[in-house]
Amino acid sequence: MVAWMIVNPIRKCSRQNCHEKAVATLTYGYDDATAVLGPLSPTPEPGAFDLCVQHAHSVTVPRGWTMIRLVTEFEPAPPSDSDLMALANAIRETSKREVPPPARATREIHRPTDVPTHRPTNPVLRVVPDTDEDL
Ligand SMILES: [Zn+2]
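Residues numbered from 1 in each chain as written. Predicted model: local features only at pLDDT ≥ 70, side-chain atom pairs only at ≥ 80, totals over all residues.

Participant: Looking at this model, I keep getting lost on the overall build of the chain. Mind explaining?
Facilitator: What the chain contains, in helices and strands, is three helices and four strands. If you list the helices and strands of the chain from N to C, you get α-β-β-β-α-β-α. Burial status across the chain gives 8% buried among its 135 residues. In the chain, once contacts between residues fewer than 6 apart in sequence are set aside, the share between residues at least 24 apart is 66%. (Helix = DSSP H or I, 4+ residues; strand = E, 2+ residues; numbered from the N terminus. Buried ≥ 20, exposed ≤ 12 C-beta atoms within 10 Å, placed from the backbone. Contact = placed C-beta atoms within 7 Å.)

Printed below as a string of structure tokens:
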């Protein structure tokens, strides 16, 4: 469970309290006061913000900034090779952990050949000579 959370390949919207799947990436160009909204970048980038459909359509820029929308329809990006590898590794780690190691049987095992075949079916009672006569 912990491994899955660390390498979770599904990217979520960067907006606070929004848990929707990210479909767009917003990048700020501080030099020319331009914000660029484009398709979701293949990998998370520092300084960029991933947005869901709703926030990609409703995002605005500060006064004096220019917003450039590269696309108006957003679709989830296909998983990248690194996402697939992270997913495969997470599954591999989880499957390793949940398989208990084989343990030796703790009870004694008797094969039929180990058990004597002739056993008296009824207890046999006989008189035992008294050896305390001399006392
Ligand atoms: Zn959102």
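Participant: I'm lost on the sheet that holds strand E2 (residues 34-39) in this one. Help?
Facilitator: In sheet architecture, strand pairing relies on hydrogen bonds along the backbone and comes in two forms, parallel and antiparallel. Sheet architecture is open: four strands sit in the order E3-E1-E2-E4, paired in mixed fashion. Of all strands in the sheet, those with a lone pairing partner are strand E3 (48-51) and strand E4 (66-69), marking the two edges. Sheet twist, expressed as the mean angle between neighbouring strand axes with direction ignored, is 20 degrees. Where strand E1 (residues 24-29) lies against E2, six bridges are found, and the strand directions are antiparallel. Paired with leucine 26 across the two strands is leucine 37, which belongs to E2. (Pairing = 2+ DSSP bridges. Axes fitted to C-alpha atoms, helices over the stretch in contact; angles between N-to-C directions.)

Participant: Would you explain the pairing of E1 in this entry?
Facilitator: Look at any regular strand and the pattern is simple: side chains alternate between the two faces of the sheet. Adjacent in sequence and paired antiparallel, E1 and E2 are bridged by four residues, among which alanine 33 carries a positive phi angle near 50 degrees. The pairing of E1 with E3 spans four bridges and is antiparallel. If you follow threonine 25 over to E3, its bridge partner there is aspartate 50.

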